[in-house]
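# Structure at a glance
Read off the chains here:
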Amino acid sequence: MKKLFVLLFGLLLIIYACTKDGDDTINIGPDIITIDSLKINNNVLVIGIDGLRSDVMQEEFSPFMYNLSQSKNVYFNDTHIVEEYTWSGPNWSSILTGVHFDKHNVTDNSFDNDNYSTYPPFFHYIERADSSINTVSLVNWTPINQHTLLNYTDFVPLESMNDLEIFENVENILLNKNPMDGDVIFLQFDELDGAGHSYGFSASSEEYTNTLTVIDTYVENLFNIIEGKRSEGEDWLYIIVSDHGGEGTSHSDTQHPDVNQTIFFTQHPSLQLQANCCYVSSQVDIAPTVLGFLGISSSNFNFNKDGFSIIVE
Ligand SMILES: [Zn+2]
């Protein structure tokens, strides 16, 4: 019966895709979306930290994240591979779309000539699968919402917010359902990148490490809220990812290991995740991980995607 329901729902979505949006996917035809009814009520929090250089994520500067990296039930990679173009634009685009820059076509921070209509962010597939899912994006670096997420997300404010305001707004959504009860939430902190550009991306830069320590407390507080929701029966996936590292006061040296690799966490209390030892993640793995956890399968996304889910089925 469940299979019949999924099949019928899939057929309805094909019809919907043909009438609503067929031109967007001319390369590969109408999208076929199926939903796993056992997973569709799952929830996801993706925490983006701009410009986190891997080796600075130490116990001294970010005790919560350090301890999380040592915990069970976590996939953690501190050699997480960033895009060949080490700007923020291409990397956030790859994180959100699950495809490399040669497909989404964002090669710098201008976002000119993006190809999101063919390679949309994961929020597109979530809204297409079930528009009652509340999708949220809160970002300090506003081009992400302006260029990448505006057309695909329920709550996607365009005004600039600092990192504290991002934290407080997400806290308000999670605890008070204000202004909405967020089901799948993306957020981006940007002040670490700012400290890196001004004072150096380095463990010896006090401004950089102090900023990381503050962000670590936000990340810890959000984790504790998620743990509270889990204890009330909600099933949440918790992700932390950065877009690039840094060296000196920039992140333009595309060959430098402190620039072209960063950190990535996926945490869940019971699911089997890829092994830290043996799987090297990259930016394109986040979108398939999110969609897989929500039980959403799109024929277009599966055909186009460059990454893999961190969750071992
Ligand atoms: Zn960045």
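Residues numbered from 1 in each chain as written. Predicted model: local features only at pLDDT ≥ 70, side-chain atom pairs only at ≥ 80, totals over all residues.

This brings us to the overall build of the protein. Helices and strands together make up the secondary structure of the protein, namely eleven helices and eight strands. Taken over C-alpha atoms, the radius of gyration comes to 19 Å for the protein, in line with the 20 Å a tight globule of 313 residues would show. C-alpha extents for the protein along the principal axes are approximately 60 × 45 × 40 Å. A total of 313 residues make up the protein; the buried ones form 47% of that total. Counting contacts in the protein only where the partners sit at least 6 residues apart, residues at least 24 apart contribute 66% of the total. (Helix = DSSP H or I, 4+ residues; strand = E, 2+ residues; numbered from the N terminus. Rg over C-alpha atoms; globule rule 2.2 N^0.38 Å. Buried ≥ 20, exposed ≤ 12 C-beta atoms within 10 Å, placed from the backbone. Contact = placed C-beta atoms within 7 Å.)

Side chains of a nonpolar character, in soluble globular proteins, are inclined to be buried together. Judged by nonpolar contacts, the single largest core of 71 residues is most densely connected at Val44, Leu45, Val46, Ile47, Val170, Ile239 and Val290. When near neighbours in sequence (up to four residues on either side) are disregarded, leucine 45 contacts Ile185, Leu222, Ile226, Trp236, Tyr238 and Ile239. Within the second largest apolar cluster, five residues are counted, among which are Tyr85, Trp87, Phe101 and Phe111. (Core = buried A, V, L, I, M, F, W, Y, C linked by C-beta atoms within 7 Å.)

Quick look at the sheet that holds strand E6 (residues 236-242) now. What the six strands build is an open sheet, ordered E3-E7-E6-E2-E5-E4; its pairing is mixed. The open sheet has two free edges, formed respectively by strand E3 (74-81) and strand E4 (135-139), since each of these has just one partner strand. Pairwise comparison of adjacent strand axes, ignoring direction, gives a mean angle of 10° for this sheet. Strands in contact with helix H7 (residues 163-176) are E4 and strand E5 (184-189); relative to E5, the strand with the most contacts, it is inclined by about 165°. In the packing of helix H10 (residues 286-293) onto the sheet, the strands contacted are strand E2 (43-49), E6 and strand E7 (261-267), and the crossing angle to E2 comes to about 160°. (Pairing = 2+ DSSP bridges. Axes fitted to C-alpha atoms, helices over the stretch in contact; angles between N-to-C directions.)

For the protein, the assigned domains are domain 1 (1-35) and domain 2 (36-304). Here domain 1 and domain 2 have C-alpha centroids that lie 28 Å from each other. (Domains from an automatic or database assignment.)

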